[in-house]
Amino acid sequence: MQRSLGAAALLALPSVPVVAARGRTDEILRFDGTSRRTPGRLRGAGLSGRRMVDLTRISAGGLVVANDEFFIRTACPDTLPDTSDWTIRVHGLVERERRLEIAQIREAARPMGTHLVECSGRGVSGLISAANWTGVPLAELLRDEPRRPGATRVLLSGFDEHPRWNPNYDERGCNWVLTLEDLERTGAFLATAMNEKPLPRHNGFPVRVIVPGWYGCTCVKWLNEIRFVDDSAPATRHMRQFARRTHQRGTPRMARDFRAAEIDLAAMPVRVERSTENGGLTHRIVGILWGGKAVTDRLTIRIDARSEAGIAMPVEDYVHEAHSTWTTWSHTWRPARTGRYTVRLAVDDPSVRTRRLDRGDYARRVMIERV
Ligand SMILES: Nc1nc2c(c(=O)[nH]1)N[C@H]1C(S)=C(S)[C@@H](COP(=O)(O)O)O[C@H]1N2
Ligand SMILES: [Mo]
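Residues numbered from 1 in each chain as written. Chains lettered and ligands numbered in written order. Predicted model: local features only at pLDDT ≥ 70, side-chain atom pairs only at ≥ 80, totals over all residues. Heavy atoms only, no water.

Topic: the site of ligand 1
Reasoning step 1: Not every one of the 18 residues close to ligand 1 is listed here, only the nearest: Phe 71, Asp 160, Asn 203, Arg 208 and Lys 221.
Reasoning step 2: Within the side chain of Arg 208, an N or O atom sits 2.7 Å from an oxygen atom of ligand 1.
Reasoning step 3: Within the side chain of Lys 221, a nitrogen or oxygen atom sits 2.5 Å from an oxygen atom of ligand 1.
Reasoning step 4: In isolation ligand 1 offers 530 Å² of accessible surface; the protein chains occlude 100% of this area.
Reasoning step 5: Placement of ligand 1 is best described as lying within the largest cavity.
Reasoning step 6: Considering only residue class, the shell around ligand 1 consists of 11 nonpolar, three polar and four charged. (Near = heavy atom within 4 Å. Polar contact = N/O pair within 3.5 Å; in protein donor to acceptor, adjacent residues only side chain to side chain. Areas by Shrake-Rupley, 256 points an atom, 1.4 Å probe, with all protein chains shown as cover. 1 Å grid on protein atoms, 1.4 Å probe; cavity = no way out; pocket = protein on both sides within 12 Å on 5 of 7 lines; lining within 4 Å. Sits in = over half its atoms within 2 Å of the grid points. Nonpolar A, V, L, I, M, F, W, Y, C, P; charged D, E, K, R; others polar.)

Now the structure itself:
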């Protein structure tokens, strides 16, 4: 039985169709909307610089995305100053302002585990990746900071001075206000390395924030400021722009009215593998599963034809071992006829919050031309 495309597949898998040895034709069917932009390559620069991951090629062996393939949501500003003596300004409601030096952070850095980052905007198009991170927990760095009364939160901000930007279109600036409790609870950390190598420039070199389990818009790159604030701190422009995408109620004016920007459990299909076995066609839907606060074994799949709704069935093949990163799943499928189908996943457990799945954000369509 073919479980997935095998270990080294993330880089090695050629584009469709694949003609395999021994006369057997294997074909990869893409879901709609997969190939609109060239995945795997950095397109554009500065604020509009993007690199999508080619989710069609994700396999059980490629679940830690290599540094030159990890998604990029905003490329490094051309104006980034010299990084050799990078410092982070720690100020606001503290006894004494100070500069946290990059050398100090590197010295304390250690493995932080594998964590997934997803852009709250466009997960379907490949702005999602996971890596092994190295860094220092923010709670540890800030726990003993002599602070002034009322300092309950920190505003984390990065360098975002892009020489060219279009205020009508580009979202410039990245910052987020987290409570000191959020830092402890999430294990938010300052990352200096990704997959045992220094952070790539476009992923925040020399230092970025990773908030495990929260959307990418909280994971500030090129971090240069930590400001202690109190409960009256306003929400930033960036936070308000991301209010909807992080499931806030309306667009809160105050940071304290923002809820945790948590990634709910979610899953989506990424490809259909078609092979000829014993003279018949076998379809296998392969997908990814990520997010949430606990692992699940209640993933279900529903496949709707244009004129006929399917019924939810337990997904056949997956092992969900860690909710801090993603995993693959697969499911055999025998489409009765040709046509367009919609595939959607759900979790058959009312105690698990799945706002995006419920809303149909990750429902995807595929065309079946042969059965
Ligand atoms: N300084 C800065 N940090 C940033 C951003 C940004 O534009 N500027 N974009 C954020 C968003 S919206 C996402 S999804 C993540 C993406 O991280 P990546 O580009 O390393 O994949 O970075 C976040 N950090
Ligand atoms: Mo994002």
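Digging into the pattern of salt bridges
Reasoning step 1: Tallied over the full model, the rule gives 23 salt bridges.
Reasoning step 2: Across the salt bridge formed by Glu 273 and Arg 271, the nearest N and O atoms sit 3.0 Å from each other. Pair check on accessibility: Glu 273 and Arg 271 agree, each one buried.
Reasoning step 3: Where Arg 344 meets Asp 304, a salt bridge forms, and the shortest distance between an N and an O atom there is 3.5 Å. With Arg 344 in strand S19 (residues 339-347) and Asp 304 in strand S15 (residues 299-305), this residue pair connects regions lying 40 residues apart in the sequence.
Reasoning step 4: Beyond isolated ion pairs, a larger network of salt bridges with shared partners links Asp 182, Arg 185, Glu 262, Asp 264, Lys 293, Arg 353 and Arg 355. (Salt bridge = Lys/Arg side-chain N within 4 Å of Asp/Glu carboxyl O. Buried < 20%, exposed > 50% of the residue type's maximum accessible area, 1.4 Å probe, protein only. Helix = DSSP H or I, 4+ residues; strand = E, 2+ residues; numbered from the N terminus.)

Focus on empty space enclosed by the protein
Reasoning step 1: In the structure shown here, the tally under the stated rule is three cavities of 30 Å³ or more.
Reasoning step 2: For the largest cavity, the calculated volume is near 280 Å³.
Reasoning step 3: Around the largest cavity, the lining is made up of 23 residues, and of these Arg 73, Thr 74, Gly 216, Cys 219 and Lys 221 lie nearest the centre.
Reasoning step 4: Tallied by class, the residues present in the lining of the largest cavity amount to 12 nonpolar, five polar and six charged. (Points joined across faces, edges and corners; volume = space filled by probe spheres on them.)

Regarding the sheet that holds strand S7 (residues 153-158)
Reasoning step 1: An order of S4-S3-S12-S7-S8 is seen for the five strands of this open sheet, with the pairing classed as mixed. Of all strands in the sheet, those with a lone pairing partner are strand S4 (98-101) and strand S8 (175-179), marking the two edges. Strand-to-strand twist across the sheet, computed as the mean angle between neighbouring axes with direction ignored, equals 20°.
Reasoning step 2: For strand S3 (residues 87-92) and strand S12 (residues 223-229), the ladder comprises four bridges, and the chain directions are parallel. In the strand pairing of S12, Val 90 is matched with Ile 226. (Pairing = 2+ DSSP bridges. Axes fitted to C-alpha atoms, helices over the stretch in contact; angles between N-to-C directions.)

Some details on the side chain of Ser 129
Reasoning step 1: Locating Ser 129 in the fold gives a position in strand S6 (residues 128-137).
Reasoning step 2: The exposure class of Ser 129 is buried, given its relative accessible area of 0%.
Reasoning step 3: A distance of 3.0 Å separates a polar atom in the side chain of Ser 129 from the backbone nitrogen of Phe 71.
Reasoning step 4: Contact partners of Ser 129, with chain neighbours within four places excluded, come to Val 53, Val 65, Phe 70, Phe 71, His 115, Leu 116, Val 117 and Trp 326. (Contact = heavy atoms within 4.5 Å.)

Observations concerning the packing of aromatic side chains
Reasoning step 1: Tallying each qualifying case throughout the model produces five aromatic pairs.
Reasoning step 2: Note on Phe 70 and Phe 71: the rings are 5.7 Å apart at their centroids and 15° apart in plane angle, and the pair reads as stacked.
Reasoning step 3: Judged by its relative accessible area of 1%, Phe 70 is buried.
Reasoning step 4: Judged by its relative accessible area of 6%, Phe 71 is buried.
Reasoning step 5: Measuring from centroid to centroid gives 5.9 Å for Trp 176 and Phe 258, while their planes differ by 90°, and the two rings are edge-to-face. One end of the pair, Trp 176, is in strand S8; the other, Phe 258, is in the loop between helix H5 (237-241) and strand S13 (266-277), and 82 residues separate them in sequence.
Reasoning step 6: For Phe 258, a relative accessible area of 11% corresponds to the buried category. (Phe/Tyr/Trp six-rings, centres within 6.5 Å; stacked < 30°, edge-to-face > 60°.)

Observations concerning the pairing of S8
Reasoning step 1: For S8, the tally of buried residues reaches five of five residues, placing the bulk of the element in the interior.
Reasoning step 2: A two-sided burial pattern is seen for S8, the buried positions comprising Asn 175, Val 177 and Thr 179 on one face and Trp 176 and Leu 178 on the other.
Reasoning step 3: Bridging between S7 and S8 involves five bridges; their strand directions are antiparallel. For Arg 153, the partnering residue across the bridge sits in S8 and is Thr 179.

Treat this as a map of the structure, not an account of what it does.
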